[in-house]
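# Chain and residue survey
Listed below are the residues making up each chain.
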Amino acid sequence: MEPHSGPDTGSNPRRVSVVQLICRAYGLSDASEITMEHIDRYVAERRQAEERTHQLRDRLRPHIPRPRAAGDAA
C-alpha cells in the first residue's frame, strides 16, 4: 500500500477524497452538486498552485556551489 501524501498528513492522517476536497472548496453539500465546471476549476487551481509552489521552491532553494574537481581552473 502506498503512503498517503497530501492534505491531512498530520499526526492523525485521514483519507480525504477528491470529491470531498471539491465539496469543501466550493461549499457544496455533497457529490451530487459537483459539475464539470467545478472539476475543471479545481484542476486548474491545483495546477496553478503546483506551479507557484515549484517557482517558490526554485527561488528559495539555496545555491550550493559544487565542489571543484582537482583539474578545474581557479
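Residues numbered from 1 in each chain as written. Predicted model: local features only at pLDDT ≥ 70, side-chain atom pairs only at ≥ 80, totals over all residues. Heavy atoms only, no water.

The next subject is the pattern of salt bridges. Scanning all chains against the criterion turns up 1 salt bridge. One salt bridge in this structure joins glutamate 45 and arginine 41, with 3.1 Å as the shortest N-O distance. Here glutamate 45 pairs with arginine 41, and both are found in helix 2 (residues 36-60), just 4 residues apart, close to one helical turn. Judged by its relative accessible area of 26%, glutamate 45 is partly exposed. (Salt bridge = Lys/Arg side-chain N within 4 Å of Asp/Glu carboxyl O. Helix = DSSP H or I, 4+ residues; strand = E, 2+ residues; numbered from the N terminus. Buried < 20%, exposed > 50% of the residue type's maximum accessible area, 1.4 Å probe, protein only.)

All right, on to the packing of helix 1 (residues 18-26) against helix 2 then. One way to put it is that helix 1 packs onto helix 2 with a least axis distance of 11 Å and a crossing angle of 90°. With respect to each other, helix 1 and helix 2 are oriented roughly perpendicular. Contacts between helix 1 and helix 2 involve Val18, Leu21, Ile22, Ala25 and Tyr26 on the former and, on the latter, His38, Ile39, Arg41, Tyr42 and Glu45. For the contact of helix 1 with helix 2, a count of residues per class yields 7 nonpolar, 1 polar and 2 charged. (Axes fitted to C-alpha atoms, helices over the stretch in contact; angles between N-to-C directions. Parallel < 35°, antiparallel > 145°, perpendicular 65-115°, else oblique. Contact = heavy atoms within 4.5 Å. Nonpolar A, V, L, I, M, F, W, Y, C, P; charged D, E, K, R; others polar.)

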